[in-house]
Structures are given as C-alpha cells and as structure tokens.
Amino acid sequence: MSDDDAAKDWNPEAYARFRGLRLRPALDLLMQVGALPRGDVIDLGCGDGAVGSDLALRFPGRRLVGVDSSAAMLAEADNIGVYAQLDQADIALWSSHGSAALIFSNAALHWLPDHGTLLPRLIGLLAPGGTLAAQMPRQQTAPSHSLLREVAAQLFPDRFDFTDWQLQVSDPDVYAALLSPLGTVNLWETTYFQRLDPVLQGHPVRHFTASTAMRPIADCLTPDEQTTFLAAYDAALTTPYPLAPDGAVMFPFQRLFFTLARPE
C-alpha cells in the first residue's frame, strides 16, 4: 500500500464509534439465514470484524474467512481471533477458492457498481444450497447524504459535479427482478430510527457520516477546505435534523436486505 493509499484507508476508530447502530442491521440479517450446506462462511467486506464473533457463534465449526480491501480494518479484525483466514482484496473482484456455504456482506456492496453483474457472480461462488446474504444502506436520497453532494458542489464546483450521479442501491423491485430467477429470495427494507448522542463540536449526523458516506468527498479536500466544508454541512443539517434540548438527534436511516438461497 502506498503512502497515499494509507492516508485514505478506513479509520477503524472512527467507524467503531457507532458500532452498536451499525451492528444491529447485521444481526437482523444474520437471523434470516437458514440452513447451510457444507463449506466456508465468507464475511465479505468484513471491515474491523464487527460481525465476526456473531458469525462464528451462529455457525460453530465452520471455517470463517474475512475479506476486505482495507489493511487497517483487517488488522483490527485479526485481533478478534475468530477468522481462519483474512484476505486483503477488492471485493468486486474477489473469488473463493472453493464453494462457499454462505457469503455474508454487511454494508459493503453499495460501494460497488453494476450490481446486475456483481450479484449473479457472487451467487455463482456459492455451493449448491448456499446463501448470499447482504445488507446495504439505502440512504442516498435522504438529507444526510444528499446534502453532502449539494454542499460539495456549491463550495467546490471545480471538483464536484453530480449531474450524472446515480443511486448506489436501486429500488427493491429491481433486486427482486434480478435475483428471483437465481434462487429463493427474501427481500425487505427497514428504517431504523437511531438516536445520535450529542457531540462537542458539529452536528451528530455529520459525525455519523464522517467515517463512511463523507469519505469520498473529504479525500478530495485539503485540511482547510475540509474545515470549510464541515461548517457548511453542519449548518445545512440543522433543518432536516433539528437538535433535541440535550443536543441529541433522532436520525431515520433506511437499509435494504436480502437473502438468496441457491438451488441445490
């Protein structure tokens, strides 16, 4: 990894600040995974291993493999001690060495394009009877995320043009049409009403998005520009997400889930 890549790598500490809020959807998804054939359990986009212990507990005796592109996150995942193998790889290109019983992906596939090609490819890596289980944020049109684009384009139009911007995660009916011919599908959406605690500086929603959705924008800014951007984003968030008297915020967050069991 180059120095530039390391500087833009995921920050495990920042991501872990909201571990409880980010873990609940993963557990909700995990509870919908049924019986599996023989084979490995793949934690695709495992990050810092937040779901690793729960996967190991749910599927004891299985070989658990974590896959992520971030060296910093994999180092944290290694500390948990439940993974038989950790692979640093681009999850868009990753391929299993054998047939997987379960490919489990929590809040990772929305970073990748062309789901029409990606998801059938992943399903093809499953053993007969195996399951692909995924959870993806579908928050891109909510103010928390749309304001990131609006503020960036207003402040730095030379670097940010979202004219051709497209949804990272499509409507549920798109996934139903794509997946249904490939196996038995369970597809649903959930909106989590998350209480974000007060923060010493800035808006609580900004702190939530800082380690995820904001990263592609922040990576393009100098430190001084980041300061300007954060101040404008904080101010814009106050209308859609007003602060309670104690400084907390109620933050609706929508996520899309599916499981697909490959035919035996």
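Description of the structure in this document. Everything numeric here is computed off the predicted structure, so don't read it as measured data. Each residue is numbered by its place in its chain's sequence as written, counting from 1. Totals for whole chains, interfaces and linings use every residue, but because this is a predicted model, local features are given only for residues with pLDDT of at least 70 and side-chain atom pairs only at 80 or more, for both listing and counting. Remark: hydrogens and water are excluded; side-chain values derive from all non-hydrogen atoms of the structure.

A short note on the pattern of salt bridges
Working step 1: Only one rule defines a salt bridge in this text: a Lys or Arg side-chain nitrogen within 4 Å of an Asp or Glu carboxyl oxygen. Per the stated rule, a full pass over the model turns up nine salt bridges.
Working step 2: Linking Arg 63 and Asp 40 is a salt bridge whose minimum nitrogen-to-oxygen distance equals 3.0 Å. In this pair, Arg 63 is assigned in the loop between α4 (52–58) and β2 (64–68) and Asp 40 in strand β1 (residues 40–44), connecting sequence segments 23 residues apart.
Working step 3: To sort residues, take the accessible area from a 1.4 Å probe on protein chains only and compare it with the maximum for the residue type: under 20% means buried, over 50% means exposed, and anything in between is partly exposed. Among the residues examined, Arg 63 registers a relative accessible area of 35% and is labelled partly exposed.
Working step 4: The shortest N-O distance in the salt bridge between Arg 138 and Glu 189 comes to 2.4 Å. On the criterion of sequence distance, the pair formed by Arg 138 in the loop between β5 (126–137) and α7 (143–155) and Glu 189 in strand β6 (residues 184–196) is long-range, its members being 51 residues apart.
Working step 5: The exposure class assigned to Arg 138 is buried, which follows from its relative accessible area of 16%.
Working step 6: Several salt bridges converge on common partners, so that one network encompasses Arg 138, Asp 171 and Glu 189. Each helix corresponds to a stretch of at least 4 residues labelled H or I by DSSP, and each strand to a stretch of at least 2 residues labelled E; elements are numbered beginning at the N terminus.

A look at the side chain of Gln 139
Working step 1: Structurally, Gln 139 can be placed in the loop between β5 and α7.
Working step 2: For Gln 139, the side chain forms a polar contact with the main-chain oxygen of Pro 252, separated by 3.0 Å.
Working step 3: Contacts: residue pairs with any heavy atoms within 4.5 Å of one another. Those residues in contact with Gln 139 that sit more than four places away from it in its chain are Ser 144, His 145, Tyr 241, Phe 251, Pro 252, Phe 253 and Gln 254. For this analysis, a polar contact is any N or O atom pair within 3.5 Å, provided that within protein one partner can donate a hydrogen and the other can accept it, and provided that sequence-adjacent residues contribute only side-chain to side-chain pairs.

Thoughts on the packing of helix α6 (residues 115–123) against helix α8 (residues 172–179)
Working step 1: Angles here are taken between N-to-C directions and fall from 0 to 180 degrees, while the axes themselves are lines fitted to C-alpha atoms, restricted in helices to the stretch in contact. Interhelical geometry of α6 versus α8 gives an angle of 45° and a closest axis separation of 11 Å. Here α8 runs oblique to α6, going by the angle between their axes. In terms of crossing hand, the pair formed by α6 and α8 is right-handed. Contact with α6, carried on its side by His 115, Gly 116, Leu 119, Pro 120 and Ile 123, involves Tyr 175, Leu 178 and Leu 179 of α8 and no other residues of that element.
Working step 2: When residues are grouped by polarity, Ala, Val, Leu, Ile, Met, Phe, Trp, Tyr, Cys and Pro land in nonpolar, Asp, Glu, Lys and Arg in charged, and all others, Gly among them, in polar. Residue composition of the contact of α6 with α8, by class: six nonpolar, two polar and no charged. Throughout, the term roughly parallel applies to angles under 35 degrees, roughly antiparallel to angles over 145, roughly perpendicular to angles from 65 to 115, and oblique to all others. Crossing handedness follows the turn of the near helix against the far one: under a right angle anticlockwise gives a left-handed crossing, and clockwise gives a right-handed one.

Points about the packing of aromatic side chains
Working step 1: Side-chain rings of Phe, Tyr and Trp, where Trp is taken by its six-membered ring, are said to pair if the distance between their centres is within 6.5 Å; with planes under 30 degrees apart they count as stacked, over 60 as edge-to-face, and otherwise as tilted. Using the criterion set out here, one finds eight aromatic pairs in the structure.
Working step 2: Their ring planes at 5° and their centres at 5.0 Å tell us that Trp 188 and Phe 257 sit as a pair that is stacked. Pair noted here: Trp 188 is in strand β6 and Phe 257 is in strand β7 (residues 249–261), with a separation of 69 residues, a long-range link.
Working step 3: Ring centres of Tyr 192 and Phe 257 lie 6.5 Å apart, and the angle between their planes is 50°; on these two criteria the pair is classed as tilted. Of the two residues, Tyr 192 is situated in strand β6 and Phe 257 in strand β7; the sequence distance between them amounts to 65 residues. Considered together, Tyr 192 and Phe 257 belong to a single accessibility category, that of buried residues.
Working step 4: Taken together, the aromatic side chains of Phe 208, Tyr 241, Phe 251 and Phe 253 make up a single cluster linked through ring pairs.

Details of the packing of α7 against helix α11 (residues 223–237)
Working step 1: Two elements in contact, α7 and α11, have axes separated by 10 Å at closest approach and are oriented at 135°. Of the possible angle classes, the one that applies to α7 and α11 is oblique. The way α7 lies across α11 gives a crossing that is right-handed. Taking contact as the criterion, the partners of Ser 144, Leu 147, Leu 148, Val 151, Ala 152 and Leu 155 in α7 are, on α11, Thr 228, Phe 229, Ala 232, Tyr 233, Ala 236 and Leu 237.
Working step 2: Classifying every residue of the contact of α7 with α11 gives ten nonpolar, two polar and no charged.

Coordinates in, geometry out; function isn't part of it.
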